[in-house]
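As a plain string of letters, each chain reads:
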Amino acid sequence: MSNRRLKDAGLEPMLGYVLILAGFIGFSFFLFQKTEFAHYAYTLISLVLTTKLSEIKRNDFLKSCFTDNRYKILRITENIVAAFPFVLFLIYKQYFFDSAILALLSLILALTSFKTTVNLSIPTPFYKKPFEFTVGFRNSLLVLMIPYILTIISISVQNFNLGIFALLLLFLIIIGFYPKPENEYFVWSFSMSPKKFLFEKLKTAIFYANILCLPIVMILGFFYFTNIHLILLFYFIGIVFLITIIFAKYGAFPNEINIPEGLILVTCISFPPLLLVFAPYFYTKAIKKLERFLV
C-alpha cells in the first residue's frame, strides 16, 4: 500500500523512503538542537503514532483477517517498525532510559486496542463555521493541554526555550486540524470565487488560532519581555506555516496532501524561510484546483 501511494505521488518507492528517512533525520536533529526537553517530545510523538495503530475498529478488522497468533505478530511488528527509528535516535543521543521506556510501551500497546476518540459533546470556543477547529479541538482536547502545561513549567523553571517549544507545539497541533480534506460537496456549496474562499478560510483559521495561541504569547511576553521580539517571530512563523498548510490542503484537493508536498512542508519546518517560497506555490495550485468546484 505504501509503495502504491508513493508511485501515485510520482516517486519511485526506494527514492520515497530515502526522502522520508532524510526528512525524519533532519527533523530529529532540528528538534534536539532547539530544546533540552526534546527527548520528552520525541517520545510523545512516537507514542502518538503507535497509539493510532491500537484503534479498536482497526484491530477488530485485523482480527477478522488473521489468526490470533498471526495478529499478535503483525501488531508487534507494526509497533516495532513505527517506534524503531525513534528508539534508535534516542540511543544515538544517549537517552537510554527514554529509549527503553519507549520500546516497552510500544510492545505493550501492540497487545492492546482502544478507542482513540471519545463520543462526547464537548463545548468549544468556536462556532460551527470553522469545522476544522471544532472537530480538531474535540479530538485533541487532552493533547491541547500539554502546551499550556509546558508554558507554566517554562515560567516556573525560567526556561525560555521551553516556552517557545510550547508555542510551536501548539501550532503543530492546530496545523494537524487541517490536512484531511472535507467532502467535495462542502466546498462546492460555497457560492464564491476560489480567492474569496481561501481568504475566508485563512481569516477563520487565523482568528481561531489566536484564541488558542495568544494566551501563551501574552504569558511569555509578560515574563520574558526582553525576548518579546523572538516570541513574536515564532508566533509569526506559526501563522505563516498555518497559512501554507491551508494552501497545500486545497492545492491537493479533493485528495490528501501527497508525499512530495508533505516532504516540502517538513523541510519548511526545518528551515522556515522556505515558507515564503512555497506558500505562493501552494496558493497557485489551490486556486487551480478550486476552480473545478467554485465559480
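Since the model is a prediction, treat every value here as computed from it, not as a measurement.

S.K.: Hey, could you run me through a nonpolar patch on the surface in this one?
M.R.: Judged by side-chain polarity, F97, I101, L104, L105 and I108 come together as a nonpolar surface patch covering roughly 460 Å² of accessible area. Positionally, L104 belongs in helix α6 (residues 96-110). Given a relative accessible area of 49%, L104 falls into the partly exposed group.

S.K.: Could you clarify how one ought to interpret the environment of Y224 in this entry?
M.R.: As for its position among the elements, Y224 is in the loop between α11 (194-223) and α12 (228-252). Considering only alpha carbons, one finds Y224 and N159, 65 residues apart in sequence, at a separation of 9.7 Å. Not counting residues within four places of it along the chain, the set of residues in contact with Y224 comprises S154, I155, Q158, N159, F160 and I231. From its side chain, Y224 meets the backbone nitrogen of N159 in a polar contact 3.2 Å long.

S.K.: Can you walk me through the side chain of R75 in this structure?
M.R.: In this structure, R75 sits in helix α5 (residues 68-92). For R75, a relative accessible area of 0% gives the class buried. Among all residues touching R75, those that are not within four sequence positions of it are L53, S54, R58, N59, L62, L109, A110 and T112.

S.K.: I'm lost on helix α14 (residues 275-290) in this one. Help?
M.R.: Every α-helix carries 3.6 residues per turn, so stepping three or four residues along brings you back to the same face. The terminal C-alpha atoms of α14 lie 21 Å apart, and with 16 residues this matches the ideal 22 Å at 1.5 Å per residue to within 8%. Buried residues of α14: L275, A279, F282, A286, I287 and L290, and no others. Take α14 and look down its axis: the buried residues cluster within an arc of 145°, on one side only. The exposed residues of α14 that point more than 90 degrees off its buried face are V277 and K288. Buried residues belonging to α14 abut α10 (184-188), α11, α12 and α13 (259-270).

S.K.: Would you mind going over the packing of aromatic side chains with me for this structure?
M.R.: One pair of aromatic rings is described through two measures. These are the centre distance and the angle between the planes. Per the stated rule, a full pass over the model turns up 20 aromatic pairs. Consider the rings of F32 and F89, whose centres lie 5.4 Å apart with planes at 55°: the pair is tilted. With F32 in helix α2 (residues 13-34) and F89 in helix α5, this pair connects stretches of sequence that are 57 residues apart. Both residues of the pair, F32 and F89, belong to the buried class.

So, how was this worked out
- Starting afresh in each chain, residues are numbered from 1 along the sequence in its written order.
- Thresholds applied to this predicted model are a pLDDT of at least 70 for local features of residues and 80 or more for the giving and counting of side-chain atom pairs; totals over whole chains, interfaces and linings are not thresholded and use all residues.
- For the side-chain quantities, the full set of heavy atoms in the structure was used; hydrogens and water were omitted.
- Residues form patches when they are more than 30% accessible in relative terms and have no salt bridge. Like charges link within 9 Å. Nonpolar side chains (Val, Leu, Ile, Met, Phe, Trp, Tyr) link within 5 Å.
- Surface exposure here means Shrake-Rupley accessible area, sampled with a 1.4 Å probe, where a residue is shielded only by the protein chains that are shown.
- Salt bridges are counted wherever a side-chain nitrogen of Lys or Arg sits within 4 Å of a carboxyl oxygen of Asp or Glu.
- Helix and strand assignments come from DSSP, with helices taken as H or I runs of at least 4 residues and strands as E runs of at least 2, each series counted from the N terminus.
- Relative accessibility decides the category of a residue: with a 1.4 Å probe and only protein chains considered, values under 20% of the type maximum give buried, values over 50% give exposed, and everything between is partly exposed.
- In what follows, residue pairs with any heavy atoms lying within 4.5 Å of each other are defined as contacts.
- In protein, a polar contact requires one atom able to donate a hydrogen and another able to accept it; more generally it is a pair of N or O atoms within 3.5 Å, and residues adjacent in sequence count only if both atoms are side-chain atoms.
- For a helix, the expected span equals 1.5 Å multiplied by the number of residues minus one.
- Arc definition: directions from the helix axis to the C-beta atoms.
- Note on aromatic pairs: the rings of Phe, Tyr and Trp (six-membered ring only in Trp) are paired at centre separations within 6.5 Å, and the planes decide the class, stacked below 30 degrees, edge-to-face beyond 60, tilted for the rest.

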